[in-house]
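Listed below are the residues making up each chain.
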Amino acid sequence: IAGAGIILHPLKAIYYPLEKALIISDAHLGKADHFRKSGIAVPQKVNTTNLERLNQLIHEFEPCRVIFLGDLFHSSLNAAWNDFEYLINGYSDILFELVKGNHDILPQAVYDSSILKIYEDELILGPFLLTHIPREEKTSLYNLAGHIHPGVVMKGKAKQYLKLPCFFFSDWQGIVPAFGAFTGLYKMKTKGDDQVYVVSGEKVVRVR
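My aim in this report is to walk through the structure given alongside it, one point at a time.

Cut-off values and rules
- Residues numbered from 1 in each chain as written.
- Predicted model: local features only at pLDDT ≥ 70, side-chain atom pairs only at ≥ 80, totals over all residues.
- Heavy atoms only, no water.
- Helix = DSSP H or I, 4+ residues; strand = E, 2+ residues; numbered from the N terminus.
- Buried < 20%, exposed > 50% of the residue type's maximum accessible area, 1.4 Å probe, protein only.
- Areas by Shrake-Rupley, 256 points an atom, 1.4 Å probe, with all protein chains shown as cover.
- Pairing = 2+ DSSP bridges.
- Axes fitted to C-alpha atoms, helices over the stretch in contact; angles between N-to-C directions.
- Salt bridge = Lys/Arg side-chain N within 4 Å of Asp/Glu carboxyl O.
- Phe/Tyr/Trp six-rings, centres within 6.5 Å; stacked < 30°, edge-to-face > 60°.
- Contact = heavy atoms within 4.5 Å.

1. Thoughts on the overall build of the chain
Move 1: Scanning the chain from N- to C-terminus turns up four helices and 15 strands.
Move 2: If one aligns the C-alpha atoms of the chain with their principal axes, the spans along those axes are about 45 × 40 × 30 Å.
Move 3: For the chain, with 208 residues in total, the buried portion stands at 51%.
Move 4: Accessible area for the chain stands at about 10,500 Å²; split by element, carbon and sulfur atoms hold 53% of it.

Okay, structure coming up:
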């Protein structure tokens, strides 16, 4: 993409080998705790699953940088943030970075006391402009973003339907699937030479 080799991982992350950068969007950590506080029964396993997957990716790729494309944490501060900080503090040789999203609304003091490097709007990484919300107009750099939680509907011969998360690439913009285990999907509309890579189980498969 944009002349750069990247790896699409079935845990819904991108690895950019040239920069040794792991790119993740829309983890929505703490979402389960937020819903339980509102009286909605959500298993605690949702939070631990997200952190286990992050840990797995770090061990697999051994990145120098882990970049979150916004919506790292879902809402108000809860215990899930402590679990996240405990994990990232165990990797002193990795730079953890956050391009803020619309859900990243924790008090500034929380971000200041963490090891996260914060970007309010965007980050340039090689040929990529990293943002949370996709740019509405074409930019000089290739825009990689999240926010949308992209998905596609796969149809079977017996009229079965299955909605799956996907990586979506147009000629100037790529949308990264939501990393979080407790997120919805938005059905993407394709045109022209758009490329779609579906996440299915332990594989990433190009379907367009």
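2. Thoughts on the environment of G184
Move 1: Within the fold, G184 resides in the loop between β12 (173-175) and β13 (186-187).
Move 2: Residues G184 and P150, 34 residues apart in the sequence, show an inter-C-alpha distance of 8.9 Å.

3. Thoughts on the sheet that holds strand β4 (residues 65-68)
Move 1: A sheet is described by the order of its strands in space; here six strands give the open sequence β1-β2-β3-β4-β5-β6, paired in mixed fashion. Each end of this open sheet is capped by a strand with a single partner; those strands are β1 (7-9) and β6 (117-119). Strand-to-strand, the axes of this sheet are offset by a mean angle of 20 degrees, without reference to chain direction.

4. Looking at the pattern of salt bridges
Move 1: Across all of its chains, the model carries five salt bridges by this definition.
Move 2: The residue K100 makes a salt bridge to E120 at a minimum N-O spacing of 3.6 Å. Separated by 20 residues along the polypeptide, K100 in the loop between β5 (95-99) and α4 (108-113) and E120 in the loop between β6 and β7 (122-125) bring together distant segments of the chain.
Move 3: A relative accessible area of 16% means that K100 is categorised as buried.

5. A short note on the packing of aromatic side chains
Move 1: The full count for this structure, using the stated rule, is eight aromatic pairs.
Move 2: Between F128 and Y142 the ring centres are 6.2 Å apart and the planes differ by 80 degrees, which places this aromatic pair in the edge-to-face class. Of the two residues, F128 sits in strand β8 (residues 128-131) while Y142 sits in strand β9 (residues 142-145), which places them 14 residues apart along the sequence.
Move 3: On the accessibility criterion, F128 (1% relative accessible area) is buried.
Move 4: For the pair F169 and Y197, a centre-to-centre distance of 6.0 Å together with 80 degrees between the ring planes defines the contact as edge-to-face. Of this pair, F169 sits in strand β11 (residues 161-169) while Y197 sits in strand β14 (residues 195-200), and the two are 28 residues apart along the sequence. Each of the two residues, F169 as well as Y197, counts as buried.

6. Regarding the environment of K163
Move 1: Along the chain, K163 falls in strand β11.
Move 2: A residue is classified by how much of its surface remains accessible, and K163, at 44% relative accessible area, is partly exposed.
Move 3: Excluding anything up to four places from it in sequence, K163 contacts V152, V153 and L185.

7. Concerning the pairing of strand β15 (residues 203-206)
Move 1: Here β14 runs beside β15; their pairing, made up of four bridges, is antiparallel. Residue S200 lies in a different strand from β15, and its bridge partner there is K203.
Move 2: Counting the residues that bridge the hairpin from β14 to β15 gives two residues, and of these G201 lies at a positive phi of roughly 65 degrees.

8. Some words on unusual backbone geometry
The general pattern is negative phi for most residues beyond glycine and trans for most peptide bonds.
Move 1: Of note, K20 is a non-glycine position whose phi angle comes to about 50 degrees, a positive value.
Move 2: You can see K20 is positioned in the loop between β2 (13-16) and β3 (21-24).
Move 3: In this model, H28 sits at a positive phi of 50 degrees, which is unusual for a non-glycine residue.
Move 4: On the secondary structure map, H28 appears in the loop between β3 and α1 (31-37).

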